[in-house]
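# Coordinates in review
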Amino acid sequence: MPVHKAVVKASVGLHARPAAVFVRAVTETGLPVTIAKDGAGHVDARSLLQVMTADFQHGCEVELGISDAALDGAHSRQAAEEALRVLSDLLESQGAA
C-alpha cells in the first residue's frame, strides 16, 4: 500500500475551504485515497464530510494511503506514489502566506 506522510499546515486545519480544496484534489486523482492521523482510523479522503468530521487540526501529522487493491493497469504504483506526494505537498502548502 503506497503511503505518504504530511503535516496539516492550514491554520484552521482541514475544515471549510482547506478541506474542500484537498478533497477536490483527491477526487481529481481518480484514486481511492485515505487519510488518517495517529490514534484514529483511515477515512475516505474523497468525502468532504468524512475529512471534516475526522478533525485534522493545524500541525497534526497525517498519513495518506492508497490500497494495493486499487492499483491496476490504469493506476500504477508509481502514479499512486506521485499522486500522494502531490497531495502531501498541497497539505503542507496550505498554510503558506
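Note on numbering: residues in each chain are counted from 1, in written sequence order. Reporting in this predicted model follows two pLDDT cut-offs: at least 70 for local features of residues, and 80 or more for side-chain atom pairs to be given and counted; totals over whole chains, interfaces and linings ignore these cut-offs and use all residues. The basis for every side-chain value is the complete set of non-hydrogen atoms in the structure, without hydrogens or water.

It is worth spelling out helix H1 (residues 16–29) at this point. The terminal C-alpha atoms of H1 lie 21 Å apart, and with 14 residues this matches the ideal 20 Å at 1.5 Å per residue to within 8%. Residue contacts are defined here by distance: any two heavy atoms, one from each residue, within 4.5 Å place the two residues in contact. Each helix is a run of H or I in the DSSP string that is no shorter than four residues. Each strand is a run of E no shorter than two, and both are numbered from the N terminus. On its buried face, H1 sits against strand E2 (33–37), helix H2 (48–53), strand E4 (61–66) and helix H3 (77–93). Just past H1, the residue Gly30 takes up positive phi, approximately 75°. Each helix should span, by expectation, one fewer than its residue count multiplied by 1.5 Å.

For the rest of this paragraph, the subject is the sheet that holds strand E1 (residues 3–7). With antiparallel pairing, 4 strands are arranged side by side in an open sheet as E1-E4-E2-E3. Edge positions in the sheet fall to E1 and strand E3 (43–44), since each of these pairs with one other strand and no more. With axes taken as lines fitted to C-alpha atoms, and helix axes fitted only over the stretch in contact, angles between N-to-C directions fall between 0 and 180 degrees. Of the strands in this sheet, E1, E2 and E4 touch H3, which is tilted by about 5° from E1. For two strands to count as paired, DSSP must find a minimum of two bridges between them.

Next up on the list: the side chain of Ser88. Tracing the backbone shows Ser88 in helix H3. Here Ser88 falls in the buried class, since its relative accessible area comes to 3%. Once residues lying within four places of it in the same chain are set aside, the contact partners of Ser88 are His4, Lys5, Ala6 and Leu64. A simple rule labels every residue: compare its accessible area, found with a 1.4 Å probe on the protein chains alone, to the largest value its type can have, and call it buried under 20%, exposed over 50%, or partly exposed in between.

Once that is clear, we can look at the pattern of salt bridges. Two side chains carrying opposite charge are able to pair once their charged atoms lie near each other. Each salt bridge in this description consists of a side-chain nitrogen of Lys or Arg and a carboxyl oxygen of Asp or Glu lying within 4 Å of one another. Taken as a whole and assessed by the stated rule, the structure comprises 5 salt bridges. Notably, a salt bridge pairs Asp44 with Arg46, separated by 3.0 Å at the nearest N-O pair. Judged by relative accessible area, which is 41%, Arg46 ranks as partly exposed. Across the pair Arg85 and Asp89 runs a salt bridge, and its minimum N-O distance is 2.6 Å. In this pair, Arg85 and Asp89 both sit in helix H3, 4 residues apart, roughly one turn of the helix. Overall, Asp89 belongs to the partly exposed group, its relative accessible area being 38%. Salt bridges here are not isolated pairs; linked through shared partners, they connect Asp68, Arg77 and Glu81.

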